[in-house]
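# Fold and contact review
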Amino acid sequence: MTTLTIPRSRLLRLESVTLDSGAHSPDGTGTFCVMEFCAYLAGEPWSDAPQCVSPVIAAFARAWNDALATEPRNRLLKPLIPELLGTRTTADDEETRAWMATDWLARVQTPAWLRLAGLESHARALEACARITDAVTAQAAFPALDAARAAARAAARAAAGAAAWGAARDAARAAAWDAAWAAAGAAARAAAGAAAGAAAWDAAGDAARVAAWDRLTPTVEALQSSAVSLLREMCAVAKRPVEVIDDTLST
């Protein structure tokens, strides 16, 4: 694989940049989302879908960038930017990453919300499932996911209304819930992956709605830390070599 070269002057600019939500334009204001800065760093045309970043990783990072408030967005995502570069590799690697996101959604994200909703047995059942790596393992996990979805839905019907759901939705988005769903999209093309992802999505959403509100923040923070680890693991699947070129020395 060819080496991706990064000018040190651009890398140093990362220290002073404040990442923002949404899409931006190269208008000279220096406003970037996480993917736009990746494109800038790699010397690509302005884009939030840079060619140097895995599409699965980019989908995760874009969704999470927009879900986070300014402080956690910059604290969590800025240090990852150099690691994201060079991750666009093969179709097989993309499928591997998509299944990693599906597995995290089903066996990490969803159990966290189930546990807060008092559905401990369902949380443990999901955590005990074999790692989801393909359609076969997704199908094997589906009975536990479907049972968790039914239990969470029943709990949600008996719980607080739309206002509580709004707060739960915001907390779950900050914890990379919809980011994992976006990244899992490639795996969801397989029927078993779609079913597993949808069940996890529904169960997590309903469980978050009935969660213990005083415990939301610790759960969000724990899931954010886990999501950072997931992104790093997806980056480690395969990478092009990246070399930083020192263009800051005067001649």
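Note that the structure is a prediction, hence the values are computed from the model and not measured.

For the protein, the count of helices and strands is 12 helices and 2 strands. Tracing the protein from N to C terminus, the helices and strands come up as β-α-α-α-α-α-α-α-α-α-α-α-α-β. The C-alpha radius of gyration computed for the protein amounts to 19 Å, which stays within 12% of the reference 18 Å derived for 251 residues, consistent with globular compactness. Seen along its three principal axes, the alpha-carbon backbone of the protein occupies a region of about 70 × 40 × 25 Å. In the protein, which comprises 251 residues, the proportion classed as buried is 48%. Taking all contacts inside the protein whose residues are at least 6 apart in sequence as the whole, residues at least 24 apart take part in 77%. For the protein, the accessible surface area stands at approximately 11000 Å², while carbon and sulfur atoms represent 53% of it. Between the centroid of the 24 positive side chains of the protein and the centroid of its 28 negative side chains there is a distance of 3 Å.

Our focus in this paragraph is helix H4 (residues 70-77). What H4 keeps buried is the set Pro72, Arg73, Asn74, Leu76 and Leu77. Against helix H2 (34-41), helix H3 (55-67), helix H5 (81-84) and helix H12 (216-235) lie the buried residues of H4.

So, on to the packing of helix H6 (residues 91-116) against H12. At a minimum axis distance of 11 Å, the contact between H6 and H12 shows a crossing angle of 170°. Classed by the angle they form, the pair H6 and H12 counts as roughly antiparallel. Of the two possible hands of crossing, H6 and H12 adopt the one that is right-handed. Contacts from Arg97, Met100, Ala101, Trp104, Val108, Gln109, Ala112, Trp113 and Leu116 of H6 reach H12 at Leu216, Thr219, Val220, Leu223, Ser226, Ala227, Leu230, Glu233, Met234 and Cys235. Residue classes in the contact of H6 with H12 are distributed as 14 nonpolar, 3 polar and 2 charged.

Rules and cut-offs
- Residues numbered from 1 in each chain as written.
- Predicted model: local features only at pLDDT ≥ 70, side-chain atom pairs only at ≥ 80, totals over all residues.
- Heavy atoms only, no water.
- Helix = DSSP H or I, 4+ residues; strand = E, 2+ residues; numbered from the N terminus.
- Rg over C-alpha atoms; globule rule 2.2 N^0.38 Å.
- Buried < 20%, exposed > 50% of the residue type's maximum accessible area, 1.4 Å probe, protein only.
- Contact = heavy atoms within 4.5 Å.
- Areas by Shrake-Rupley, 256 points an atom, 1.4 Å probe, with all protein chains shown as cover.
- Lys, Arg positive; Asp, Glu negative; His and termini not counted.
- Charge placed at Lys NZ, Arg CZ, Asp CG, Glu CD.
- Axes fitted to C-alpha atoms, helices over the stretch in contact; angles between N-to-C directions.
- Parallel < 35°, antiparallel > 145°, perpendicular 65-115°, else oblique.
- Left-handed = near helix turned anticlockwise from the far one by under 90°.
- Nonpolar A, V, L, I, M, F, W, Y, C, P; charged D, E, K, R; others polar.

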